[in-house]
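# Residue-level structural notes
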Amino acid sequence: MKQNRRRFVKLSGAFALLSAAGLISAREALAQQQAWNKSAFEAKSLDETVKALGGQSSAPNAGITITAPDIAENGAVVPVGVTSKIPNTQNVYILVEKNPNSLAAGFAIPAGTDANVSTRIKMGQTSNVHAVVKADNKFYVATKEVKVTLGGCGG
Amino acid sequence: MADPMRIRATEQPDGVDVRVLMSHEMETGQRRDSAGAIVPAHYISNVTVTHNGKPVLSAEWGPAVAKNPYLQFKFKGGKKGEKLTVTWVDNKGDTRTDEATIS
């Protein structure tokens, strides 16, 4: 019985510590959220998105490869990978032209990390997928069409 | 609190290959429920991966990333046995951090 009580005291102490840590990280989380580029995620087209990201225009470049299926059966899960061979790649963005908002994901690539990221995105319908790469403060783009047989938005 | 992430980091000749599978609803804010009301958006907005306290990848995501997001990338300079930390924050301020050892 006595031991139980001791354990309880110990546990509650640990819990108090944990929740204090939770509070701190929630505050940090809010600070981090402000770094989220709202205007870029609300832009509706490739050009608008590039402008919201701080560029003027984007030039096609053969150094960017998009790895995505030609036909995606399920638009809710479309695997997309982007590889950039452009030196000094700083950011990689994945855009879907016909989604309600074009920008799906953006990645910041520090030095030492390969400019090669893959993730899964949602696509509402058959559309062009753009990979925008920011290197030396210039924007480059590559495009690939992905056909979607079953949309991933709504449902 | 959300479910833990599944992280796999393996050392390869050309760098450390990192694969992360997160558990998250990723609600777009476009869907309607059976009553016709819009289901509010709930998605991961920021992801940070650090290795020895140094960021190796940070991502900003919109609601168009698929449910239970998957992420794969490679970085140089990691060694077997070292720790890798992955943190995500969603648009409701919820957050989760998980750690993995490079193998």
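In case you missed it, the structure is sitting above this.
Attention in this report is confined to the structure presented alongside it. (Residues numbered from 1 in each chain as written. Chains lettered and ligands numbered in written order. Predicted model: local features only at pLDDT ≥ 70, side-chain atom pairs only at ≥ 80, totals over all residues.)

A tally of helices and strands in chain A yields three helices and nine strands. When its helices and strands are written in sequence order, chain A yields α-α-α-β-β-β-β-β-β-β-β-β. In chain A, buried positions account for 34% of the 155 residues. Taking as baseline every contact in chain A between residues at least 6 positions apart, the subset at least 24 positions apart corresponds to 65%. (Helix = DSSP H or I, 4+ residues; strand = E, 2+ residues; numbered from the N terminus. Buried ≥ 20, exposed ≤ 12 C-beta atoms within 10 Å, placed from the backbone. Contact = placed C-beta atoms within 7 Å.)

This paragraph deals with the interface of chain B and chain A. Facing 30 residues of chain B, the contacting portion of chain A comprises 37 residues. Residue assignment for the side of chain B that touches chain A shows that the elements contributing at least two residues are β3 (44-51), β4 (54-61) and β5 (70-75) of chain B. For the side of chain B that touches chain A, the per-class residue count stands at 14 nonpolar, 11 polar and five charged. The pairing of strand β7 (residues 116-121) of chain A with β5 of chain B spans two bridges and is antiparallel. Within the sheet, the bridge partner assigned to Ser118 of chain A lies in β5 of chain B and is Gln72 of chain B. (Nonpolar A, V, L, I, M, F, W, Y, C, P; charged D, E, K, R; others polar. Pairing = 2+ DSSP bridges.)

Residues and elements named next belong to chain A. Across the nine residues of strand β8 (residues 127-135), seven count as buried, placing the element largely inside the fold. Pairing geometry for strand β5 (residues 89-96) and β8, over seven bridges, is antiparallel. The residue of β8 that forms the bridge with Tyr93 is Val132. Bridging between β8 and strand β9 (residues 138-148) involves nine bridges; their strand directions are antiparallel. The residue of β9 that forms the bridge with Asn128 is Glu145.

Here we come to the nonpolar core. Judged by nonpolar contacts, the single largest core of 61 residues is most densely connected at Val92, Ile94, Ala104 and Ile121 of chain A together with Val65 of chain B. Setting aside residues up to four positions removed in sequence, Ile94 of chain A forms contacts with Val80, Val82, Ala104, Ala105, Ile121, Val129 and Ala131 of chain A. (Core = buried A, V, L, I, M, F, W, Y, C linked by C-beta atoms within 7 Å.)

Turning our attention to the sheet that holds β5 of chain B. Strands belonging to one sheet form pairs held by backbone hydrogen bonds; the direction of such a pair is parallel or antiparallel. With respect to topology, six strands assemble into an open sheet ordered β2(A)-β4(A)-β7(A)-β5(B)-β2(B)-β1(B), the strand pairing being antiparallel. Looking along the sheet, the strands with just one partner apiece sit at the ends: β2 (64-67) of chain A together with β1 (6-12) of chain B. Each strand of the sheet is rotated relative to its neighbour by a mean of 10°, with strand direction disregarded. (Axes fitted to C-alpha atoms, helices over the stretch in contact; angles between N-to-C directions.)

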